[in-house]
Amino acid sequence: MTTTPVQLTPEDVENPVGAYARFRDQDELPLVVLPGLDTPVRLVTRYADVKAALSEPRLVRDRTGLAAPTGDGADPQDELLAAAFDAFPAEYAKYLSDHLALFDGEEHARRRGPLTRAFTARRIAALRGFVERTGADLLADLAARSEPADLLNEFAYPLTTQVICELVGVDEADRPRVCDWIRDFAYGDGSRAVEGLVGIVEYTKELVARRRAEPAEDLVSALVHDVREGEQAPDEDYLVATVFLLINTGITPPALFLAHGLLALFDHPEQLARLRAEPQLLERAVPELLRHVSLVRIGATVYAAEDFAFAGTALRTGDPVTIALLAADHDPREYGGRPERLDIAREFGRGDGHLAFGHGAHYCLGAALGRLVTSVVLDQVVIQRPQAALGVAREELEFGHWPADGFHLLRLPVRL
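Residues numbered from 1 in each chain as written. Predicted model: local features only at pLDDT ≥ 70, side-chain atom pairs only at ≥ 80, totals over all residues. Heavy atoms only, no water.

A. The arrangement of the packing of helix H9 (residues 152-168) against helix H10 (residues 175-186) in detail. Two elements in contact, H9 and H10, have axes whose closest approach is 10 Å; the angle formed by their N-to-C orientations is 120°. Relative to H10, the element H9 is oriented oblique. Considering the relative orientation of H9 and H10, their crossing is right-handed. Each of Thr161, Gln162, Cys165 and Glu166 in H9 lies in contact with H10, whose residues at this interface are Arg175, Val178, Cys179 and Ile182. Residue classes in the contact of H9 with H10 are distributed as four nonpolar, two polar and two charged. (Axes fitted to C-alpha atoms, helices over the stretch in contact; angles between N-to-C directions. Helix = DSSP H or I, 4+ residues; strand = E, 2+ residues; numbered from the N terminus. Parallel < 35°, antiparallel > 145°, perpendicular 65-115°, else oblique. Left-handed = near helix turned anticlockwise from the far one by under 90°. Contact = heavy atoms within 4.5 Å. Nonpolar A, V, L, I, M, F, W, Y, C, P; charged D, E, K, R; others polar.)

The structure is reproduced here in structure tokens:
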């Protein structure tokens, strides 16, 4: 690569109309360095190119056996994994790095197949009552206070944690300690992350043994017992890694999305007022908020499996390519003028109408659950509570950022 890389800032990553607008007009994919990393990558920003990249078989997640990526410095995937997992003991960290998203083709299909069968529409739909009751109970306790409630840490995180516990099949008596471990691992202050990891692993092993002996109506039981002809029964490592996949993707990203989705409505008072006046628009507001926020701004890093041209760019074997989902979901070629504007009445065509859940073989398994939880939360927080409003001035909100990402809320004070 001879192009001089563009060093992106967290502000660039989260701004749908800044650098992305310039990148979309270039003939070749821009060469960039993501915030906090060292390795240049080609960045895909146009909607059509992102959709194509997510289904291109010559762009792979598993770079084993490929030539080393071109350019200087470490591999971007290695950098992110090191930042996330180096602090954990190797015998436990393996459950985090053995991630479904890092496999391709037949191996990915083999690993995903049992989980797809267990993640049935019936199982997800059956969770609605649980989500509604849990959300209502949390909000009732928070609304009883005189001061604003933190709807990220006191509502969204506990809600998504409880939903994952219900889905996985954590027994009621075990919920308090398991939820504590999940908090310590997934969204605490980091001081007890190792203890949280160890606790979850050991508990999951116990739960798997229990469900092998006595199946229940939960996802772990389905994974253990629904083995098709010609399939190998899932081993303990696969099942523990699967639980961590659900924790990693089903708690923090959805909780942050709920907080940012609510903030987007508070930032667009005319849209919030319209949703309250026309609650039937909730069905459209959910996909529009998913598009508008695109919580995972920068998606997967994939690698050229051979020399070929993609999106006007000559790629060599091993070259890293990163997907900019937020940029794609704000591409004027797809969404017309001012796609950065929130429009809860926006009409989409067939399918999702956005790429916030990805596309192709790696499409998010939890998409239906995410839509369900979002619709319940919007109804309970802003439609049923028309007085709900930000509890601090907008400029007083606190944000932080992670490597290769933009800014995320640290808390969301709201008066209920």
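B. Representation of the environment of Arg415 in the model. Summarising the element assignment, Arg415 is placed in strand E13 (residues 413-415). Spatially, the C-alpha atoms of Arg415 and Arg122 are 35 Å apart, while their sequence positions differ by 293 residues. Residues contacting Arg415, with those up to four places away along its chain left out, are Ser146, Glu147, Pro148, Gln387, Ala388, Ala389, Leu390 and Gly391.

C. Here's a closer look at the side chain of His108. Here His108 shows up in helix H6 (residues 105-118). Sequence-distant contacts of His108, defined by excluding residues within four places in its chain, comprise Leu100, Phe103, Ala361 and His362.

D. Broad picture of empty space enclosed by the protein. Per the counting criterion, the structure on display carries two cavities of 30 Å³ or more. The calculated volume of the second largest cavity comes to roughly 80 Å³. Considering the residues around the second largest cavity, the lining is formed by Ile164, Cys165, Val168, Val170, Val178, Ile182, Ile200, Tyr203, Thr204, Leu207, Val243 and Ile247. Only H9, H10, helix H11 (193-213) and helix H13 (236-250) provide two or more residues apiece to the lining of the second largest cavity. It is H11 that provides the largest number of residues to the lining of the second largest cavity, a total of four residues. Among the residues making up the lining of the second largest cavity, the classes are represented as eleven nonpolar, one polar and no charged. (1 Å grid on protein atoms, 1.4 Å probe; cavity = no way out; pocket = protein on both sides within 12 Å on 5 of 7 lines; lining within 4 Å. Points joined across faces, edges and corners; volume = space filled by probe spheres on them.)

E. Highlighting the nonpolar core. Counting residues in each nonpolar core, the largest one holds 96 residues, and the members touching the most others are Leu151, Phe244, Leu262, Leu265, Leu275 and Leu412. Formed by 19 residues, the second largest nonpolar core is a distinct cluster that contains Ala304, Leu315, Ala328 and Leu355. (Core = buried A, V, L, I, M, F, W, Y, C linked by side-chain atoms within 4.5 Å. Buried < 20%, exposed > 50% of the residue type's maximum accessible area, 1.4 Å probe, protein only.)

F. Spatial organisation of the pairing of strand E9 (residues 320-324). Counted residue by residue, E9 has five buried out of five residues, so it is predominantly covered. Side chains Pro320, Thr322 and Ala324 of E9 all project onto a buried face; the interleaved residues Val321 and Ile323 project onto the opposite face, where all are buried too. Inspection of the sheet shows strand E6 (residues 298-304) paired to E9 by four bridges, in the antiparallel sense. Bridge pairing links Ile298 to Ala324 in E9. (Pairing = 2+ DSSP bridges.)

G. Spotlight on the packing of H13 against helix H14 (residues 252-267). Relative orientation of the contacting elements H13 and H14 amounts to 15°, with a least axis distance of 4 Å. Overall, the two elements H13 and H14 adopt an arrangement that is roughly parallel. Of H14, the residues touching H13 (which contributes Ile247, Asn248, Thr249 and Gly250) are Thr252, Pro253 and Pro254. Class assignment for the residues of the contact of H13 with H14 results in three nonpolar, four polar and no charged.

H. A look at unusual backbone geometry. Of note, the phi angle at Ser294 is positive, near 40°, even though the residue is not glycine. Its place among the elements puts Ser294 in the loop between helix H16 (282-293) and E6. Since its relative accessible area comes to 1%, Ser294 is described here as buried. In this structure, Ala404 is a non-glycine residue whose phi angle is positive, near 70°. Turning to its location among the elements, Ala404 is positioned in the loop between strand E11 (399-401) and strand E12 (407-409). According to the relative accessible area criterion, Ala404 is buried, its value standing at 7%.

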